[in-house]
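Spelled out from the first residue to the last, the chains are:
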Amino acid sequence: QDQMTCDMAIEIAHKIKDTDMNMITYTPECAYARFDEPRVHRLCKNLQLPLKLYDYSEDTITWNKVLVMRNEPYTKEECDFLLSINNNRYHGFITDVDCFEIVNANVSKASGIKAICKELGITMDEVMAFGDSGNDIDMLKAVGYGVVMANGSSEAKAVAKYETLSNEEDGIAYFIEKYIGGTL
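The following refers to the structure shown. (Residues numbered from 1 in each chain as written. Predicted model: local features only at pLDDT ≥ 70, side-chain atom pairs only at ≥ 80, totals over all residues. Heavy atoms only, no water.)

### Description of the environment of Asn-135
Along the polypeptide, Asn-135 turns up in the loop between β7 (128-131) and α5 (137-142). C-alpha separation for the pair Asn-135 and Phe-93, spaced 42 residues apart in sequence, amounts to 5.4 Å. What Asn-135 contacts, discounting residues up to four positions off in sequence, is Phe-93, Thr-95, Glu-101 and Lys-109. One polar contact links Asn-135 to Ser-133, side chain to side chain, over a distance of 2.8 Å. (Helix = DSSP H or I, 4+ residues; strand = E, 2+ residues; numbered from the N terminus. Contact = heavy atoms within 4.5 Å. Polar contact = N/O pair within 3.5 Å; in protein donor to acceptor, adjacent residues only side chain to side chain.)

### Points about the sheet that holds strand β3 (residues 51-53)
The strands making up a sheet associate through hydrogen bonds between their backbones, and the pairing can be parallel or antiparallel. Ordered in space as β3-β2-β1-β4-β6-β5, the 6 strands form an open sheet in which the pairing is mixed. Of all strands in the sheet, those bounded by a partner on one side alone are β3 and β5 (90-96). Going from strand to strand, the sheet's axes swing by 25 degrees on average, the running direction of each strand aside. With 3 bridges joining them, strand β1 (residues 22-26) and strand β2 (residues 31-33) adopt antiparallel strand pairing. When the bridges of β2 are listed, Ile-24 appears paired with Ala-33. (Pairing = 2+ DSSP bridges. Axes fitted to C-alpha atoms, helices over the stretch in contact; angles between N-to-C directions.)

Read these as spatial facts, not as claims about activity.
See the structure below:
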C-alpha cells in the first residue's frame, strides 16, 4: 500500500527525461534502469541482480523506491532540481553524491521505527538510531537518541543530537560503548 505506484514512476521518469540522470528500480529478481552505465552495474553487483533496460513511460510495476543516479556527483543546481520534485505523494532524499532516493510520502525510517515501538510498547524517546544521509533525517529527529556518523551529510548532522566516529571507524560500536559506560 505504501509503495511507489506505476503513475508515480511514470511521473518521475517524465520529470527527468531530458537529463542525463538514470532512473533505477529493482525487485528481488531484477534491477531495471532507463539506460546502461557503469554506476548501474556497480549497484547491480552490490544487489547481486541482473540488469534489464526498462522504459518507464508505460510502467506496470509497483516499486519500494525509485533511485535517480548518475556517474558523477550532482551539482548544487541538480540537487535543488531533484528536491523540487518532492510532493504530497512521494519524497526524495540525496543519499549519496550521485544518488537521489524517492519513496512513497507515507514511508520513512521514522514511521517504521514508530510502528516497531508500538508493537514493543516503548516510546520513540527510548530509541537510539544511527544515520548519515538525507533519508535518515526524519529518523534522527524523531528518536530520543539520534546519532550521526562523522562522515554524515551536513543536513543529517544539523538534526542529530549526537555525533560519533565514521562508519569506517566503527562509530556505532564506539558510541554504544561510551553510552553504556556512562561517558556521554
